[in-house]
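Here is how the chains run, residue by residue.
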Amino acid sequence: MSSAGPGRTEHLVLPGVLTGRQASETVAGIRAVQRPDGAIPWFRGHHLDPWDHVEAAMALDAAGEHGAAGAAYAWLAAHQNGDGSWYAAYQDGDQGCRLPRELHRETNFCAYPAVGVWHHYLATGDDAFLDAMWPVVRAAVDYVLELRRPGGQIGWKREADGTPVHDALLTGCSSVYQALRCALAIAGEREEPQPEWELATGALGHAIRSHPGAFLDKGRYSMDWYYPVLGGALTGAEAKSRIEEGWDTFVVPDLGVRCVVPNPWVTGGESCELALALWAMGESDRALGVLQSVGHLRADDGMYWTGYVFEGDKAMWPAERTTWTAASLLLAVAALGGDEATTAVFGGRRLPRGVAPDCCA
C-alpha cells in the first residue's frame, strides 16, 4: 500500500517518550498490521472494530502517512451498512477484515468516523475526500441519533436483530459528543447546516455535564473519569475538578493509569488518552509525565503492550501489542508536539459547541 508522500515524525519526538527513530518504528508497526484494503485490525489475526480502526488511521495521518490513512477511510465507506452503521467487530483473516464477527452495532463506534474524517481533512485539505465521505458521515450520524433519549443521552447499541438498547454509557456518549461536533464542523465546511445535529449535541453535552444519573454506573473504570474531559463536554474549572477528584484513584505513579479499580492493572491506551485530556486542559507538563510513565510498555518492535499487572506475577497482560495502543500514544505526542489537525480535533479549535434546547439550558 502506497502513501501519498513520505511520513513525517519530527513533531512526534518528545523527551522521555519518543525519539525520532522510535516514532518511525511505531508508525511502521501500525503500517505493518494494516491490510492491503486499508483495514487496521488490533493485530494480525484478531479483529477490527470501527472506533480503534479510526484511531489508528488518525495516528497515521499525524505521522504524515496520508495515503495509508485515506485507505482506512475507504475501508469504512466500503463496509458501511445500509442503515449507516458498522458492525461492532470484523474478523481479520487471510482476505483482510471482510466478515463481521460481532453483529451488534454500537453508537460510539458508528459516530467516531466523523472525528477521523475531519482530522484527515484538516491534515490534508483534500476537498474530494470530504465530498466522498460526507454521505458516509451523514448516514452514520443519523443512525446514531435514532438512539437518542429524551434526556439527551444516546443509547449504546442495537442488538444483532435491530433491538435498541436504551441504556447509555458515559464514556461512549462523551466520545459521541466529540464526534457530533466534528460532524457539525464537516457540515459547516460543506455549507450544509444540520440544526437537528446541533440540538442533539447541545442536549448530549448538557446530559454529560449535569445529569450523571442518565448513564449506567461505570465509575470503577478510568474512562468514565476522564472521557467527559477528553470528549470536550467538560472544560475549564469543571474539567480540572473532575480530574483532580479521580487522580489518586486511577493514576499509579511511574506506571500509568488503571483501567478499572481496584485491579492492579495499568493500560497504555487509558494512560495516553488521559494525557490527551490533560493537554486539552492546558496541563502539558502533567501530560508529559503520564506519557513518560508508560515507556515500560514499549516492545522491541516499537509497538506497545496493552497493559501491565503490577502486583503478583508483575507481567505484561494480555500478551498483545495493539495498533490502538500505539496510536493513542502517537496522537497524544502529536498534540503535545503541536500537530495542527490533532490539536484542532482534541483541543476544540474549529469545533462548534452545539446548541442546547431551551428545556436543557
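Predicted model, so just to flag it, every value in this text is computed and none were measured. (Residues numbered from 1 in each chain as written. Predicted model: local features only at pLDDT ≥ 70, side-chain atom pairs only at ≥ 80, totals over all residues. Heavy atoms only, no water.)

1. A word on unusual backbone geometry
Omega for the peptide link from Val261 to Pro262 comes to 5 degrees, which places this bond in the cis form. Looking at the secondary structure, you find Pro262 in the loop between strand E8 (256-258) and strand E9 (265-267). A positive phi is found at Asp254, a non-glycine position, where the angle reads about 70 degrees. Along the chain, the position of Asp254 falls in the loop between strand E7 (251-252) and E8. Residue classification places Asp254 among the exposed positions, given a relative accessible area of 68%. Backbone geometry at Lys314 places phi at a positive 50 degrees, although glycine is not the residue there. Structurally, Lys314 is set in the loop between strand E10 (307-309) and strand E11 (315-316). (Helix = DSSP H or I, 4+ residues; strand = E, 2+ residues; numbered from the N terminus. Buried < 20%, exposed > 50% of the residue type's maximum accessible area, 1.4 Å probe, protein only.)

2. Comments concerning the state of the cysteines
Counting across every chain of the model gives 0 disulfides. In this model Cys97 remains outside any disulfide bridge; the closest cysteine sulfur is found in Cys110, 16 Å from its own. Between Cys182, a cysteine without a disulfide, and Cys110, which holds the nearest cysteine sulfur, the sulfur-to-sulfur distance is 16 Å. For Cys182, a relative accessible area of 0% puts it in the buried group. (Disulfide = S-S within 2.5 Å.)

3. As for the nonpolar core
Counting residues in hydrophobic clusters, the biggest one holds 117 residues, and the most contacted among them are Ile30, Met58, Tyr73, Trp118 and Leu274. Residue contributions to this core peak at 12 residues, all from helix H7 (residues 170-189). Ignoring any residue separated from it by four or fewer positions in sequence, one finds Tyr73 in contact with Val54, Ala57, Met58, Asp61, Gly116, Val117, His120, Phe129 and Met133. (Core = buried A, V, L, I, M, F, W, Y, C linked by side-chain atoms within 4.5 Å. Contact = heavy atoms within 4.5 Å.)

4. Structural notes on the pattern of salt bridges
A side chain with one charge can pair with a side chain of the opposite charge if their charged atoms come near. Considering all chains together, one arrives at 16 salt bridges under this definition. For Glu192, the salt bridge is made with Arg138, and the minimal N-O distance between the two is 3.7 Å. Taken together, the residues Glu192 in the loop between H7 and helix H8 (195-210) and Arg138 in helix H6 (residues 127-145) connect sequence positions 54 residues apart. Classification of Glu192 by relative accessible area gives partly exposed; the value is 25%. Salt-bridge contacts for Arg158 lead to Glu146; the nearest nitrogen and oxygen are separated by 3.4 Å. Of this pair, Arg158 sits in strand E5 (residues 157-158) while Glu146 sits in the loop between H6 and E5; the two residues are 12 residues apart in sequence, bridging distant segments of the chain. For Arg158, a relative accessible area of 16% puts it in the buried group. According to the relative accessible area criterion, Glu146 is exposed, its value standing at 52%. A single network of salt bridges, built from pairs that share partners, joins Asp131, Arg138, Arg190 and Glu192. (Salt bridge = Lys/Arg side-chain N within 4 Å of Asp/Glu carboxyl O.)

5. Examining the pairing of strand E3 (residues 96-102)
By the bridge criterion, 4 bridges tie strand E2 (residues 89-93) to E3 in an arrangement that is antiparallel. Of the residues in E3, the one forming a bridge with Ala89 is Glu102. Between E2 and E3, which pair antiparallel in sequence order, lie 2 residues. (Pairing = 2+ DSSP bridges.)

6. Looking at the packing of H7 against helix H9 (residues 222-230)
Remark: H7 packs on H9, axes separated minimally by 8 Å, with the N-to-C direction vectors making an angle of 20 degrees. Considered as vectors, H7 and H9 are oriented roughly parallel to each other. Crossing of H7 against H9: the hand is left-handed. Contacts from Leu170, Thr171, Ser174 and Ser175 of H7 reach H9 at Met223, Asp224, Tyr227 and Pro228. Looking at the contact of H7 with H9, its residues break down into 4 nonpolar, 3 polar and 1 charged. (Axes fitted to C-alpha atoms, helices over the stretch in contact; angles between N-to-C directions. Parallel < 35°, antiparallel > 145°, perpendicular 65-115°, else oblique. Left-handed = near helix turned anticlockwise from the far one by under 90°. Nonpolar A, V, L, I, M, F, W, Y, C, P; charged D, E, K, R; others polar.)

7. Looking at the confidence of the model for the chain
In the predicted model, the chain carries a mean pLDDT of 95, and the fraction of residues at 70 or more is 96%. Per-residue pLDDT stays below 50 along residues 1-5; that stretch engages in 18 contacts with residues further than four places along the chain or on separate chains. Note on residues 356-361: pLDDT under 50 across the span, and 6 contacts to partners over four residues away in sequence or across chains. (pLDDT = per-residue confidence, 0-100.)

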